[in-house]
Amino acid sequence: MRKLVDFFRKDRRYGYLTGAVMTALNVWMWRSEPSRLSFLGSDSVLLYLLAAVCGVFAVMALIAGAVKLTHWRNYGETAMKKPAMLKVARYLYFLVLAAFLVTVTDRILLGFISLTEESVASESNPQGFLASMIYMFWKGRSMFALGVWTTVRIALLGTAIAFVLALLMVTLRILKPVRQDNDLVRFFKKVGGIFSRIYITVIRGTPMMVQALIIYYAGFGLLKNSSMTITEINYVWSAFMAGLITVSLNSTAYLAEVLRGGIESIDSGQMEAARSLGMTSWQAMRKVVFPQAVKNSIPAIGNEFIINIKDSSVLSVIACFDLMFGTTSVVGIYYRQLEVYCIAAITYLILTCFSSLLMKAIAKRMDTPAKDIPSSN
Amino acid sequence: MEPILKIEKLEKSFGSLKVLKGIDLEVYPGEVVCIIGASGSGKSTLLRCINLLEEADSGNVWFEGKDLMDLSTNLNKLRERIGMVFQSFNLFANKNALDNCTMAPMSVKHLSRQKAEELAVKHLTTVGLQDFIHADSRRLSGGQKQRVAIARALCMEPDMMLFDEPTSALDPEIVGEVLDVMKGLAGEGMTMVVVTHEMAFAKEVSDRVVFMDGGVILEQGSPAEVFGHPQEARTKEFLSRYLEEK
């Protein structure tokens, strides 16, 4: 934002060029149909005034261009570089900028507001792309709201539960049998290590959509063997519950690997120092290694949250009412696919950008540099 | 007098590389033993085998009469009484100087926070860091870090201290401040085993100098004997190279 302001205020090398672009955009916008709220209209005094300003600037820009072409090497010595001329050009440039801002307000901003008013009040689905998007967004607002609420809840709770489970999982993964262990402890450590390795491989090697379906129907099948009726089962084993469990179990595998990386990045000297003071390996882990590893992993945990916002969209296959399911429902009502999916895309984008900003702020507070969002898993 | 530490036929190899080839060493209470020798001669490994940060392949280590290699020995209990100072300081990066010192006494000896802090302040004052009690450990200079590490070890009130090249990672200018602290400790009668390249320190402070080469103890004796009249050709060679450098 600051850079943009500085560009218009200070950088005059491109003055004629940006002015010309703005003039062209002005003309293009003036030619468009004025909206109901428009104060410029298509032939008001103000409009002609703005047009005159742009016209004068255009003439001047043309002259400057012509002089530049004829005096390519000694443009600096021509009349165009006289201080008075430069002053006139600068003021004209600012006037064009003002005209541009006024036109944008009139045609784009007020245009959008009036389009929104019209679309919202419309009896039937309007034909225009944007109008139809606004109409369907307004009509389906309760579904979109419910969808966003569910998506955010699943992503937040899922990541939080996954973090706790991942701590357990990574503990299983890094416990190594030592000389002093008896056979039973040794056995459990081995089994734990193998279990976590298999778990991580299976979860990371299968799509979340398949996991969601398996978990949903497995839970359903288990409950069906009990004496519950279908209605009772649906009450207890809701799609939301199945979806939350899917996301939690899925993220556990990824976060366990993130935490393992975090733990392995801690210098082994930290552990040695703690052990040399007589702390047990569990105390050393809990008080020295884990706090540092978790802190280093915060950016990656934030990324996992953002990935969960996006990837929870596959939960719509088990009829979990997330944003994607809400979107599909709206599509089913109006049968206008492109417009509605664009609404979903914009909503997801707003959610992820907002979360990303939040994560950056948290990471900055915790003094751990944030990285960009990686690709989805 | 009974030795506080007794090492017998200690052997250790990393893969096919034999680092310790049968070490016998005794350290008596109040003694300051300096281990010198070229890099790769097994000095640090020997030190790390004493508190079992490395596990020796064979041989025995007795500390205060307890066999460290015996599986039924509670190693954590023994490590409480053997302080260790590392070449790379290894301060807990997420703690300040005070918390570095209080963590182990609180979690291992179950001291109250107040008692642990009193102890920590006392030992931080001993090492001359009374003004840096709440300093973030990452912001301290190398010499200050190493002094916090010494205070941290002292807070467990050990019977013996191991120093693993405590000044090797430091600027020549600030080596002195750490060595002064160690001299002070030696003066108070602390049993110390010091792996070092600081020959002047070894000469001045130690009661016994041990020269290691190729995984064995080649020669040991009082500083006057080892530095003044080295018996082995290898010791002479090593010492003369050091004197040339100075």
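Please read all numbers here as calculations on a predicted model, not as lab measurements.

**Student:** Lay out the interface of chain A and chain B in plain terms, naming residues and giving numbers.
**Tutor:** Interfaces are often described in size by the accessible area the parts lose on coming together. Taken residue by residue, the interface counts 20 residues in chain A and 29 residues in chain B. Between chain A and chain B lies a buried interface of about 2100 Å² when both sides are counted; carbon and sulfur atoms form 53% of it. In terms of surface lost to chain B, no three residues of chain A exceed Arg179, Ser276 and Leu277 of chain A, which account for 34% of the buried area on that side. Where chain A meets chain B, there are one salt bridge. When the shortest N-O distance is used, the salt bridge between Glu272 of chain A and Arg48 of chain B registers 2.6 Å. Counting across the interface, chain A meets chain B through seven residue pairs in polar contact (both at pLDDT 80 or more). Put simply, the parts of the chain that give the side of chain A that touches chain B at least two residues each are helix H11 (268-276) and helix H12 (281-311) of chain A. Considering each element in turn, the side of chain A that touches chain B owes the most residues, seven residues, to H11 of chain A.

**Student:** Account for the packing of helix H4 (residues 83-121) of chain A against helix H5 (residues 129-139) of chain A, with residues named and values stated.
**Tutor:** Residues and elements named next belong to chain A. For the pair H4 and H5, the least separation of the axes is 8 Å and the interaxial angle reads 55°. Considering the angle they form, H4 stands oblique to H5. Here H4 runs over H5; the crossing is right-handed. Residues Phe112, Leu115, Thr116, Ser119 and Val120 of H4 pack against Leu130, Ala131, Ile134, Tyr135 and Trp138 of H5. Looking at side-chain class alone, the contact of H4 with H5 contains eight nonpolar, two polar and no charged residues.

**Student:** Describe the sheet that holds strand E7 (residues 160-164) of chain B, naming the residues involved and giving the relevant values.
**Tutor:** All names here are of chain B. Taken in spatial order, the six strands make up an open sheet running E6-E7-E8-E3-E9-E10, and their pairing is mixed. Looking at which strands have only one partner, the edges of the open sheet turn out to be strand E6 (82-85) and strand E10 (216-221). On average, each strand axis in the sheet is tilted by 20° relative to the strand beside it, whichever way the strands run. Sheet analysis places E7 next to strand E8 (residues 191-195), joined by five bridges and oriented parallel. When the sheet's bridge partners are listed, Asp164 is paired in E8 with Val195. Along the sheet face, helix H1 (residues 43-50) touches strand E3 (32-37), E6, E7, E8 and strand E9 (208-213) and points at about 150° away from the line of E7. Its contacts with the sheet place helix H6 (residues 175-187) against E3, E7 and E8, and it is angled at close to 145° to E8.

**Student:** Any chance you could break down the pairing of E3 of chain B for me, citing the residues and the numbers?
**Tutor:** All names here are of chain B. A large share of E3 lies buried, amounting to six of its six residues. Because side chains alternate across E3, one face comprises the buried residues Val32, Cys34 and Ile36, and the other comprises Val33, Ile35 and Gly37, equally buried. Inspection of the sheet shows E3 paired to E8 by four bridges, in the parallel sense. Bridging from a neighbouring strand, Ile35 pairs with Val195 of E8. For E3 and E9, the ladder comprises five bridges, and the chain directions are parallel. Across the sheet, Cys34 pairs through a bridge with Val209, a residue of E9.

**Student:** Tell me about the state of the cysteines, residues and numbers included.
**Tutor:** Following the criterion strictly, the structure yields zero disulfides over all chains and no others. Free cysteine: Cys353 of chain A, not disulfide-bonded; nearest cysteine sulfur from Cys342 of chain A at 16 Å. Classification of Cys353 of chain A by relative accessible area gives partly exposed; the value is 43%. Of the cysteine sulfurs around Cys49 of chain B, a residue in no disulfide, the closest is that of Cys34 of chain B, at 19 Å.

**Student:** Explain unusual backbone geometry to me, and be specific about the residues and the numbers.
**Tutor:** All names here are of chain B. Backbone geometry places Glu64, a non-glycine residue, at a positive phi of 50°. By relative accessible area, Glu64 is classed as partly exposed at 30%. The backbone of His110 sits at a positive phi, close to 55°, despite the residue not being glycine. Within the fold, His110 resides in the loop between helix H3 (97-108) and helix H4 (113-126). The exposed category is assigned to His110, whose relative accessible area is 62%.

**Student:** Could you give an account of the side chain of Thr352 of chain A, naming the residues involved and the relevant values?
**Tutor:** Residues and elements named next belong to chain A. Position of Thr352 relative to the elements: it lies in helix H14 (residues 337-365). On the basis of relative accessible area, Thr352 is assigned to the buried category, the value being 8%. Here Thr352 is in contact with Ile306, Ile309 and Lys310, once residues within four sequence places are set aside.

**Student:** Hey, could you go over H12 of chain A for me, with residue numbers and the actual values?
**Tutor:** An ideal rise of 1.5 Å per residue puts 45 Å on 31 residues; H12 of chain A reaches only 37 Å between its terminal C-alpha atoms. At Ile298 of chain A, H12 of chain A shows its maximal kink, close to 50°; a proline, Pro299 of chain A, follows between one and four residues later.

**Student:** Tell me about the pattern of salt bridges, and name the residues and values.
**Tutor:** All names here are of chain A. For the coordinates displayed, the defined rule picks out 24 salt bridges over all chains. Between Glu117 and Arg36 there is a salt bridge whose closest N-O contact spans 2.7 Å. Pair noted here: Glu117 is in helix H4 and Arg36 is in the loop between helix H2 (15-31) and helix H3 (45-70), with a separation of 81 residues, a long-range link. Relative accessible area serves as the criterion here: at 41%, Glu117 is assigned to the partly exposed category. Residue Arg36 is classed as exposed on the basis of its relative accessible area of 54%. Via salt bridges that share partners, Arg173, Arg204, Glu257, Arg260 and Glu264 belong to a single interconnected network.

**Student:** Quick rundown of the nonpolar core? Include the residues and the values.
**Tutor:** Residue and element names in this part refer to chain B. Among the nonpolar cores identified, the biggest contains 47 residues, and Ile150, Met161, Phe163, Met182 and Met192 are the most heavily contacted of them. Tallying contributions element by element places H6 first for this core, with seven residues. Setting aside residues no more than four positions away along its own chain, Met182 makes contact with Ile150, Phe163, Pro166, Met192, Val194 and Phe201.

**Student:** Now, about the confidence of the model for chain B: what can you tell me, with residues and values included?
**Tutor:** Residue and element names in this part refer to chain B. Per-residue confidence for chain B gives a mean pLDDT of 91, with 99% of residues at or over 70. When pLDDT is averaged over each helix and strand of chain B, the minimum, 84, is found for helix H9 (residues 233-245) and the maximum, 95, for E8. Overall fold confidence for the complex sits at a pTM of 0.81, while the interface term, ipTM, reaches 0.91.

Basis of the calculations
Residues numbered from 1 in each chain as written. Chains lettered and ligands numbered in written order. Predicted model: local features only at pLDDT ≥ 70, side-chain atom pairs only at ≥ 80, totals over all residues. Heavy atoms only, no water. Contact = heavy atoms within 4.5 Å. Buried area = accessible area lost by both parts, 1.4 Å probe. Salt bridge = Lys/Arg side-chain N within 4 Å of Asp/Glu carboxyl O. Polar contact = N/O pair within 3.5 Å; in protein donor to acceptor, adjacent residues only side chain to side chain. Helix = DSSP H or I, 4+ residues; strand = E, 2+ residues; numbered from the N terminus. Axes fitted to C-alpha atoms, helices over the stretch in contact; angles between N-to-C directions. Parallel < 35°, antiparallel > 145°, perpendicular 65-115°, else oblique. Left-handed = near helix turned anticlockwise from the far one by under 90°. Nonpolar A, V, L, I, M, F, W, Y, C, P; charged D, E, K, R; others polar. Pairing = 2+ DSSP bridges. Buried < 20%, exposed > 50% of the residue type's maximum accessible area, 1.4 Å probe, protein only. Disulfide = S-S within 2.5 Å. Expected span 1.5 Å × (residues − 1). Bend = angle between axes of the 7 residues up to and from the residue. Core = buried A, V, L, I, M, F, W, Y, C linked by side-chain atoms within 4.5 Å. pLDDT = per-residue confidence, 0-100.

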